[in-house]
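Listed below, chain by chain, are the residues.
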Amino acid sequence: MEKQNLLFIFSISSCFFLFPLLSEIRGVQGSASHHHHSHGGHRGLYGFRPTTLFVFGDSYADTGNNRKSVANSWKVPYGITFPGKPAGRFSDGRVLTDYLAKYLGLKSPIPYRWRKYAPDRLRYGINFAYGGTGVFKTLVLDPNMTTQIDFFQNLINDSVYNKGDLQSSLALLSIAGNDYGAFLSKGGTAQDFPAFIARVVNQIATNLKRIHDMGVRKVAVTALQPLGCLPRSTVLNSFQQCNATENTAVDLHNLLLQQAVAKLNNESKLDPKAFVILDLYGSFSQVLKTKGEYLGSVKFETPLKPCCMGMSSKYNCGSVDEKGAKMYTVCKNPEGAFFWDMVHPTQAGWRAVYMSLKSTLEQIK
């Protein structure tokens, strides 16, 4: 679809378009010993099996970097499925990072802010993702992606990871819409939106190349998921159908991202498949369309309805009133829900998305 058509579509879309994933957010550096491990990446994901995973991005990938004082991810009932209590994941259990690590045969990389407490886990990589953040500054004070990559550079400079570690590593960049939510909340207009999308994607391309130039062998980035299917948008029609207008507008981001990644691969002399896109848009759409039935083990009866939600629009999952009484409801079976809260999938939802992605990953070995 042409950019002009997408601009028109965006201009008539609802004001709920692109609600930021930081809606669930209100508002430590340590030394690590150098380590060595096997650097012989063997065949698997994208033609080799990474032995180290580095993660950058937002709440779709964060496994515990957000401060406990500001993030709902550290509040009950988050984490009720895994690990049984709030642990900093924006879900009832595991998230995308955990499933990608599982696919690689690795333990989920330790969150950056907790790395000094588990130095033995550093060999699996580090998770630099902070919920609510974006490629640029958003509405939260946590490190954006450029700063997250700076943290990574500092670890390399300090010889925490050597050239061999990087050569057998995969980096994941999770981009889930926070830049766009912040843009609109700060008064950004529909007329300026396509140009801003181009800025975001250009910065993503810069980040991808920077990480690869550091020595990371493979760099994966997520396509933007169908934001019009998030409960934040579908609540307007009682969680019955996605907002097609919003999803069409998301196409511009994903189209530009495809072009940018193709250009990076064309310019990559050593590996023409160094950069890859994980198609969350396609995976989300497929799971929501089939209600998970194609997986055989899961059935999402009402896939657009979240399991955990506030009792009114002024409350979120995990909210309590001034007396400490909970102001949210939780469904009886999180395993039967695709979405956990108004913007994030459940563990079962992420597993279904991963299973959908897995077939693609296996085809491009």
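Residues numbered from 1 in each chain as written. Predicted model: local features only at pLDDT ≥ 70, side-chain atom pairs only at ≥ 80, totals over all residues. Heavy atoms only, no water.

### Some points on unusual backbone geometry
This is how it is decided: Here a helix means four or more residues in a row that DSSP labels H or I, a strand means two or more in a row labelled E, and each is numbered from the N terminus.
At the junction of Val76 and Pro77, the peptide bond is cis and its omega measures out at 10 degrees in the coordinates. Within the secondary structure, Pro77 sits in the loop between β1 (52–56) and α2 (96–104). Of note in the backbone geometry, Ser159 takes a positive phi value of approximately 65 degrees without being a glycine. With respect to the secondary-structure elements, Ser159 resides in the loop between α3 (145–157) and α4 (163–167).

### Digging into the pattern of salt bridges
Condition: Each salt bridge in this description consists of a side-chain nitrogen of Lys or Arg and a carboxyl oxygen of Asp or Glu lying within 4 Å of one another. Burial here depends on accessible area, computed with a 1.4 Å probe over protein chains only, as a share of the maximum for the residue type. Under 20% is buried, over 50% is exposed, and the range in between is partly exposed.
This model, assessed by the stated rule, comprises seven salt bridges. Notably, a salt bridge pairs Arg210 with Asp150, separated by 2.6 Å at the nearest N-O pair. Residue Arg210 is found in helix α6 (residues 193–213), and its partner Asp150 is found in helix α3; the two are separated by 60 residues along the sequence. Judged by its relative accessible area of 31%, Asp150 is partly exposed.

### Structural notes on the packing of α6 against helix α8 (residues 244–267)
Put simply, the test is: Axis lines are fitted to C-alpha atoms, over the contacting stretch for helices. Their N-to-C directions set the angle, which ranges from 0 to 180 degrees. Note on convention: the crossing is left-handed when the near helix lies turned anticlockwise from the far helix by less than a right angle, right-handed when the turn is clockwise. Every residue pair with non-hydrogen atoms within 4.5 Å of one another is taken to be in contact.
Two elements in contact, α6 and α8, have axes separated by 9 Å at closest approach and are oriented at 35 degrees. Note on packing geometry: the crossing formed by α6 with α8 is right-handed. Counted together, Pro194, Ile197, Ala198, Val200, Val201, Ile204, Ala205, Leu208 and Lys209 of α6 and Leu252, His253, Leu256, Leu257, Ala260, Val261 and Leu264 of α8 form the full contact between these two elements.

### Quick word on the sheet that holds strand β4 (residues 169–173)
Cut-off, in case you're wondering: Between any two strands, at least two bridges found by DSSP are needed for them to pair.
Read from one edge of the open sheet, six strands run β2-β3-β1-β4-β5-β6, paired in parallel fashion. Edge positions in the sheet fall to β2 (110–111) and β6 (275–278), since each of these pairs with one other strand and no more. Across four bridges, the pairing between strand β5 (residues 218–222) and β6 is parallel. Counted as the bridge partner of Ala220 is Val276 from β6. Where α2 meets the sheet, it contacts β1, β3 (125–127), β4 and β5, and its direction lies at approximately 165 degrees from that of β1.

### Section: the side chain of His253
For His253, the location among the structural elements is in helix α8. For His253, a relative accessible area of 1% corresponds to the buried category. If we ignore the near neighbours within four places in the chain, the residues touching His253 are Ile175, Tyr180, Ile197, Val200, Val201, Ile204 and Leu224.

### Points about the state of the cysteines
The cut-off we apply is this: The term disulfide is used for any two cysteine sulfur atoms that are within 2.5 Å.
By the definition in use, this model includes three disulfides. Each sulfur of the disulfide joining Cys307 and Cys331 lies 2.0 Å from the other. In this structure, the disulfide formed by Cys307 and Cys331 twists by about -100 degrees around the S-S bond and is classed as left-handed. A residue pair is termed long-range when its members are at least 10 positions apart, and Cys307 in the loop between α9 (280–290) and β7 (308–310) and Cys331 in the loop between β8 (328–330) and α10 (347–363) qualify at 24 residues. Assessed through its relative accessible area of 4%, Cys307 is described here as buried. Of the residues examined, Cys331 reaches a relative accessible area of 26% and is grouped as partly exposed.

### Points about the confidence of the model for the chain
Convention followed: Confidence scores here are pLDDT values: one per residue, from the predictor, ranging 0 to 100.
Residues at a pLDDT of 70 or more form 85% of the chain, whose mean pLDDT is 87. Per-residue pLDDT stays below 50 along residues 1–42; that stretch engages in 124 contacts with residues further than four places along the chain or on separate chains.

### Things to note about the side chain of Asn207
By the element assignment, Asn207 lies in helix α6. The exposure class assigned to Asn207 is buried, which follows from its relative accessible area of 2%. Leaving out residues up to four positions away in the same chain, Asn207 has contacts with Val135, Met145, Thr146, Ile149 and Leu173.

### Describing the nonpolar core
Rules: Think of a nonpolar core as a cluster: buried Ala, Val, Leu, Ile, Met, Phe, Trp, Tyr and Cys residues, connected wherever their side-chain atoms sit within 4.5 Å.
Counting residues in each nonpolar core, the largest one holds 92 residues, and the members touching the most others are Leu53, Phe56, Phe128, Phe152, Leu173, Leu208 and Trp350. Among the elements that make up this core, the one with the highest residue count is α6 (nine residues). Those residues in contact with Leu173, other than ones at most four positions away along the chain, are Phe56, Met145, Asn207, Leu208, Ile211, Val219, Ala220, Val221 and Thr222. Tyr78, Cys307, Cys308 and Tyr328 belong to the second largest nonpolar core, which has seven residues in total.

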